[in-house]
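Secondary and tertiary structure notes
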Amino acid sequence: MACDDETEAKATIAEMLKAYPTKTARKRAKQLLANDPEAPAEIGANTRTIPGILTQRGCTYAGCRGVVIGPIYDILHITHGPIGCGFYAWATRRNLVRPPAGETNYLQYAMSTDMLEEQIIFGGEKKLRQAVQEAFDIFHPKAISIYSTCPVGLIGDDVHSVAREMKEKLGINVFAFSCEGYKGVSQSAGHHIANNGVFKHMVGLNDTADVAEFNINLLGEYNIGGDAWEIDALLRKCGIHVTATLSGDVSYDQVCKVHTVHLNTVMCHRSINYMAEMMEKKYGIPWIKVNFVGAEATAKSLRKIAAFFESKKLTDRVEEVIAQEAATLKPIKDAVTARCKGKKAALFVGGSRAHSYQCLFADIGMEVIAAGYEFAHRDDYEGRAVLPTIKVDADSRNIEELTVEPDPLRFSPRKTPEQMEALKAGGLSFKEYTGMMSDMKKNTLVIDDISHHEIEKLIELRKPDIICSGIKDKFIIEKMGIPCKQLHSYDYGGPYTGFTGAANFYQEMDRMLHTKIWKYVVPAWMNDAPVAPTHTISAKAAPAVARPVRDDDLPE
Ligand code: CFM
């Protein structure tokens, strides 16, 4: 049966749901769909994970401290909470930095108030105050940022008052985030909280713009594996200046002047669309969605930026760079395409890359049979057009929506309404993201917040040649004989953005798909004697498809 067949897609979904209790199956059914690119169906997204399904998701603290603000290298980040939360935020995300000589970099440190039982019972504000003072005395940073973890919210420490008090006392910028892990259904809530905090406490503090003819910010790019460096180098070649990348390899001072640029470009819509919107309302900076993952996508994004500036000089330069880069890439792309064309990939990651990385697979003729996000919202799947129809539930109501007004002095639209209309008429879309589903083929599988069980079923029924995922399922997938590429950390690889990054990724896929090692992988459960003392099962009797032995495999 062809893999784009509707019956097969629905049968796969039914098979995935079969193992669940009725109520769980009913809830999960809203999050598993056979895709229709012409009319993306409503997907259940950004809702609570069903306990026990083994989610890939992270917590709100991870989204705030770990994802959006953590990469700002010269802010001193202090986790207010038990030591485990601080420890697990220590250098675990590969957001690389290369500060200019003489600049400070605190990213190698993990600072925590090391909250103990005593603070849980009697309150932790005193210890937080001491920690901020101690950190200041040792490091003298430009800014200190405080992050609340779950117990802080439960006992009610007022971290914001401590921040205000210490800001006044020390004379540096000190601000706090109520980003307790439980605050939202995933790390996505942490992104929103972080966006609000960056906007309130940093954006707008320095009005001196960089001197550049084409001056932009790159929002939602975190320099994992050096991705932001790759994009920056490419933009520089074209003559486009980046004031700040939020928040890959970026300094506090750069963030303070992000409101001075001509244009905001948004890479990861999920984590930072709030900031793009707020900057447009307050300062008049328009934003466009870009994607520098994939050669075709990169070329398209460069052309979009050039179109905004309406400069022949820039357009010509961009075309020249695209032609040069594409020519260098072509032999690699052709060689890899010849070897990988038609191979099947599945992607389950985050709130952005499950979509953007499909462009790289398309470049080399690979087929994406299934994809899903961990924590994205409906607009990331179905497109921003659905925003007004998304129901605000109790969980999203938990997160503050800032009321933003045009700045009385600094609001300055970068283009006149007539210019904007002309640009739109010419095909440039602003404030728009069409979502993942419209770019996926009909009847491919779309699965939100996938569980381990569903991944196992996908492998069993649809036999993808490679899965892109994260650390929580990588080794389960590989023990089943399927190569797994981590798309969060890149498994020590990368960069994968721009043209050079695309070449890296194509070659990595080629290596992973063609190494012979996968043939030798025999899952442990296919050979090992069962643990159950009263039953035996031989390798011969084991199921043909590799999966853990279940109760109903065993004799009565
Ligand atoms: Fe955006 Fe990201 Fe992602 Fe993300 Fe993340 Fe990430 Fe990600 Mo891991 S900001 S949504 S919260 S592109 S850390 S750099 S890889 S899950 S797909």
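Remember, it's a predicted structure, so these values are computed and weren't measured experimentally. The residue numbers shown here count from 1 along each chain, following its written sequence. The predicted origin of the model limits local features to residues at a pLDDT of at least 70 and limits the giving and counting of side-chain atom pairs to 80 or more, whereas totals for whole chains, interfaces and linings rest on all residues. Working from all heavy atoms in the structure, the side-chain values ignore hydrogens and water.

Points about the sheet that holds strand β6 (residues 215-221)
Using the following cut-off: Two strands qualify as a pair provided DSSP detects at least 2 bridges between them. Strands are runs of DSSP state E lasting at least 2 residues, helices are runs of H or I lasting at least 4, and numbering of each runs from the N terminus. For every element, the axis is a line fit to its C-alpha atoms; helices are fit only across the contacting stretch, and the angle between N-to-C directions ranges from 0 to 180 degrees.
Spatial strand order, β7-β6-β8-β9: four strands in an open sheet with parallel pairing. On the outer flanks of this sheet lie β7 (241-247) and β9 (287-289), each paired with one strand and no other. The sheet shows a mean angle of 25 degrees between the axes of neighbouring strands, taken without regard to direction. Here β6 runs beside β7; their pairing, made up of six bridges, is parallel. Looking across to β7, one finds that Leu-219 is bridged to Leu-246.

Remarks on the site of the ligand
Heads up, the rule is: One heavy atom within 4 Å of a molecule or strand is enough for the residue carrying it to be called near that molecule or strand. Residue classes follow a fixed rule: Ala, Val, Leu, Ile, Met, Phe, Trp, Tyr, Cys and Pro count as nonpolar, while Asp, Glu, Lys and Arg count as charged, and any other residue, Gly among them, counts as polar.
The local shell around the ligand holds 15 residues, among which Arg-93, His-191, Cys-268, Gly-351 and His-488 are the closest. Tallied by class, residues from the shell around the ligand come to seven nonpolar, six polar and two charged.

Section: the packing of helix α13 (residues 295-309) against helix α22 (residues 498-514)
The criterion, for reference: We call two directions roughly parallel when the angle between them is under 35 degrees, roughly antiparallel when it is over 145, roughly perpendicular when it lies between 65 and 115, and oblique otherwise. Contacts between residues were defined by any pair of non-hydrogen atoms, one from each residue, lying within 4.5 Å.
At a minimum axis distance of 9 Å, the contact between α13 and α22 shows a crossing angle of 170 degrees. With respect to α22, the element α13 is oriented roughly antiparallel. Only Gly-498, Phe-499, Ala-502 and Tyr-506 of α22 make contact with α13, whose side of the interface consists of Ala-295, Thr-298, Ala-299 and Leu-302.

A short note on helix α20 (residues 452-462)
Let me state the cut-off plainly: Note on classification: 1.4 Å probe, protein chains only; a residue is buried when its accessible area is under 20% of the maximum for its type, exposed when over 50%, partly exposed between these limits.
Counting buried positions along α20 gives nine out of eleven residues, so the element sits mostly inside the fold. Those residues of α20 lying buried are His-452, Glu-454, Ile-455, Glu-456, Lys-457, Leu-458, Ile-459, Glu-460 and Arg-462. Lys-463, located one to two residues past α20, shows a positive phi value of around 45 degrees.

As for the nonpolar core
Basically, it comes down to this: What we call a nonpolar core is a set of buried Ala, Val, Leu, Ile, Met, Phe, Trp, Tyr and Cys residues that are connected through their side-chain atoms within 4.5 Å.
Counting residues in each nonpolar core, the largest one holds 112 residues, and the members touching the most others are Ile-305 and Phe-361. Element by element, the count of residues in this core is highest for α22, at eight residues. Every residue in contact with Phe-361, bar those within four places of it in the chain, is listed here: Ala-345, Leu-347, Met-366, Val-368, Ile-466, Cys-468, Phe-505 and Met-509. Core analysis: the second largest hydrophobic core is formed by 22 residues, Leu-17, Ala-25, Met-480 and Ile-482 among them.

Some details on the packing of helix α14 (residues 312-340) against α22
For the pair α14 and α22, the least separation of the axes is 9 Å and the interaxial angle reads 10 degrees. Accordingly, the angle class assigned to the pair α14 and α22 is roughly parallel. Together, Ile-322, Glu-325, Ala-326, Leu-329, Ile-332, Lys-333, Val-336, Arg-339 and Cys-340 of α14 and Phe-499, Thr-500, Ala-502, Ala-503, Tyr-506, Gln-507, Asp-510, Leu-513 and His-514 of α22 make up the contact between the two elements. Residue composition of the contact of α14 with α22, grouped by class: eleven nonpolar, three polar and four charged.

Section: the pairing of strand β5 (residues 173-177)
Within β5, five of the five residues are buried, leaving the element largely enclosed by the surrounding structure. The alternating pattern of β5 places Asn-173, Phe-175 and Phe-177 on one face and Val-174 and Ala-176 on the opposite face, and all of these are buried.

The analysis is restricted to geometry; functional conclusions fall outside its scope.
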